[in-house]
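These are the residues of each chain, in order.
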Amino acid sequence: MTTTTSNIAPIAHLRKAAMRPVFEPGKRYWLAVCILAAIVAWGIVAWIIQVHRGLGSAGYNNHAFWAIYIANVVTFVGVSYGGAVVSAILRLTGATWRAPLTRIAEATAVVTVLIGASFIFPHLGRPERFLELIYRPNLSSPIFWDFIAISTYAFASIVFFYLPLLPDLSVGHEQLVDKGRNRLARIYSKMSWKWNGNTRQRKLLNGSIGLIAILIIPLAVSVHSVLSWAFSLTSRPWWHESIWAPYFVVAALYSGIALVILIVALFRKIYHLEDYINERHFVRLGLILVPFGATYLYLTVADFLPGSYVGEHGVVSVFAAVIIGRYALWFWLFVFGGCILPVLIMALPWTRRIGTILIGAALVDASLWLKRIIMVVGPANYGRVSGLFGSYHFTWISISVTLAGVAAIPLLLLLVFRVVPILSITEMEEIVDHETKLLEEKLQSLKDFNHSDQISLGDPSRKIGIREIVHASSSAQLATSTSLEIQAEEI
Amino acid sequence: MLNNEYTRVKISSHRQRQVDSTSDLPARGPLSRRAFLGGIGTLGATTIAATSVIELFAQSAQAQGTASTGTSSLHQWAMVFDLRNCDGCKACTMACQQRHSLTSEQTWIKVYTMQSSAGQTYHMARPCMMCEDPPCMYVCPVGATFRTDEGLVLVDQEACIGCRTCMAACPYEARYFNWTTPPPATKIPGMKQSPEWPVPQIKDTVGKCVWCADRLPHGELPACVAGCPMGVIYIGDLTTDAAINSAGNVVKLSDFLRNNDAYRFQEEYGTNPRVWYIPGHGQDLNNDSASS
């Protein structure tokens, strides 16, 4: 296999950094994998006990027939949207600063949608009959369409993860051969589908990635809408709301981008990607959170006001329980901790630091999970004939299974990046190359302009070697092209 | 798998019910459905003077509002609760739980104490409403809930995947999940677990009132009907337009409903339940202010 691209300059340190987790993940990698695997294993044991004892052992009862597991499905499938957005929307809008984040974001999308889908199994009383959804489906059931939507989206996000990986596998293959990792090298060579980086291949690949980046956006919207219709196609107060579909979509975007922030920070730290991912990336992701957080808050008001104002019995009972009653503490914790505080952190310039952004992102994800629990348990608890509320409590089983899902995110990502380059090498090289060329053109035209107008150019040493300047700052400084432009203009 | 004695009701896209053409009902056990029809029909005929079958059908369809059975089946089961006689003793619940070996939380027929807008307390038993447009059936992802051509909504617990969407969809909270291993059932010789005889209940699947679907073909009263000491509960048939309670009172169903201002519970959900209530607060038991 030859180099990835014939006319794009490779960046050696980037290629090395992207493959470092594959070659030398470090001692703490094994420690982390062991601890996380133990938590996941414990959750699986808890689930087996639950299957043996019945769903009642997870705290379920006739007044809380849906609870923690379906809330987990919604939460995990929801956060998966963040990866899709960071990658797809930023790719389509040509935001070049995304490049060092896309691989991590896309992998997060794949991993979380798979974990979210798996939470359907503890949710079911009879998981062993799951295949009935395929061989005796009822097409009028929203649950059947949930199944279709989640599987389609999971498949699409895997494709969306795989396509940009193709040229990087080819790059990785060389390094693997150099280091004598022949087995993985063979897999890389198979998976990269004879990629040699010629113009035709690149055109085809970029076209496919562009297409799937467009497709995955409506697909993700549909998944979260269909997920919400599992609730709002019943006549239960609060579930039966037309606002639930957009509610779910916005919540997915909001919590998803927050998770991308957390995951990017984690892997930046453990695999020392500080040269490529800097505070600027976190600030920009944080700024994307602001409109979504504000929209979610707005939708919450729009959701509660009409029902509370009119006074239909069931709706008012549930709303009262949420706003001033039994769930009020959790609800207001969500409003302040999950919407107002994070939005303020991201919006105010003096709190926009990596540390505070991380705290804000963690608050978003935790409190949106809480919000989903309220949204699921509240209406389920409400007895529609008696008008009384039942109760629901977590048990050690339901908590263990849920924690297993949380631990599975970093665990699966650690394992993924043990075999896959953690940065999108080709994408970053292409962008650096492209921006270098642009700068050179600008500089050239500036020079021509100066020559014609007889204006002094200042220190001549600064206009030469612009390629070296860019390369020195390299992909780490993808976002710094603006400052380079300014520099160039100063000249 | 599905009991092939029932023709399964399928849902077409515009929510109309279609019935398989193979709906020639096979006889079951020593007494056929026809025999039961004979029983209830003869009783009905004594009270019904000379009214043509077609007219009766038209009346019963009228009584149901929008409903039209549209099938050629022999029976269309219905239930009436005469609340004027109900003192809320819960004998119906206990009879049901005993017959089906249920836990005390599994109140397939549940007696609610309600408050009328005039401030009176009354008791209202809620069995499965056997809706003509059952939301539970539409949302079941694997078709484990189905509707027979006699209008009974039943659950195939051998197919139920335990997703509980039906519990979310039912506006009457009439469905009960088996959250743990069900208690051992009293065995009745010759009876096998089936959608119409869901005994014992199956762990981690959903169960609900079946109107004692195993008894109806034999001309026997459901456990709750038979167990009501006040004769509150009538089991009836819209096709023959007759209903009967535990005291042996036989009424012409359409007249009984019309003359007593019968209503259906939470009709606004458009489920077209097959259960009617005759308003009252136990006044026939000299229980006027009735808060027992």
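Nothing here was measured: the structure is a model prediction, and the numbers come from that model.

### What about unusual backbone geometry?
All names here are of chain B.
Here comes step 1: A cis amide bond links Val199 with the next residue in sequence, Pro200, at an omega value of -5°.
Here comes step 2: Within the element layout of this structure, Pro200 appears in the loop between strand E8 (175–177) and strand E9 (206–208).
Here comes step 3: Residue Asp261 is not a glycine yet carries a positive backbone phi of 55°.
Here comes step 4: Considering the arrangement of structural elements, one finds Asp261 in the loop between helix H7 (253–259) and strand E13 (275–278).
Here comes step 5: Even without glycine at this site, Asn272 takes up a positive phi of about 50°.
Here comes step 6: Judged by local crowding, Asn272 falls into the partly exposed class, with 17 C-beta atoms found within 10 Å.

### Structural notes on the confidence of the model for chain A
Here comes step 1: Averaged over every residue, the pLDDT of chain A is 89; the share at 70 or more is 90%.
Here comes step 2: Within the model, the stretch residues 1–5 of chain A combines pLDDT values under 50 with 14 contacts to residues more than four positions away or in other chains.

### A short note on the interface of chain A and chain B
Here comes step 1: With 33 residues of chain A at the interface, the matching set in chain B holds 33 residues.
Here comes step 2: Of all the secondary-structure elements, those providing two or more residues to the side of chain A that touches chain B are helix H6 (132–135) and helix H7 (142–162) of chain A.
Here comes step 3: For the side of chain A that touches chain B, the element with the highest residue contribution is H7 of chain A, accounting for 3 residues.
Here comes step 4: When the residues that make up the side of chain A that touches chain B are grouped by side-chain class, the tally is 14 nonpolar, 12 polar and 7 charged.

### Digging into the environment of Arg147 of chain B
All names here are of chain B.
Here comes step 1: With respect to the element layout, Arg147 can be found in strand E6 (residues 145–147).
Here comes step 2: By the C-beta count within 10 Å, which is 24 here, Arg147 ends up buried.
Here comes step 3: Placed 10 residues apart in sequence, Arg147 and Met137 show a C-alpha to C-alpha distance of 7.7 Å.

Calculation criteria
Residues numbered from 1 in each chain as written. Chains lettered and ligands numbered in written order. Predicted model: local features only at pLDDT ≥ 70, side-chain atom pairs only at ≥ 80, totals over all residues. Helix = DSSP H or I, 4+ residues; strand = E, 2+ residues; numbered from the N terminus. Buried ≥ 20, exposed ≤ 12 C-beta atoms within 10 Å, placed from the backbone. pLDDT = per-residue confidence, 0-100. Contact = placed C-beta atoms within 7 Å. Nonpolar A, V, L, I, M, F, W, Y, C, P; charged D, E, K, R; others polar.

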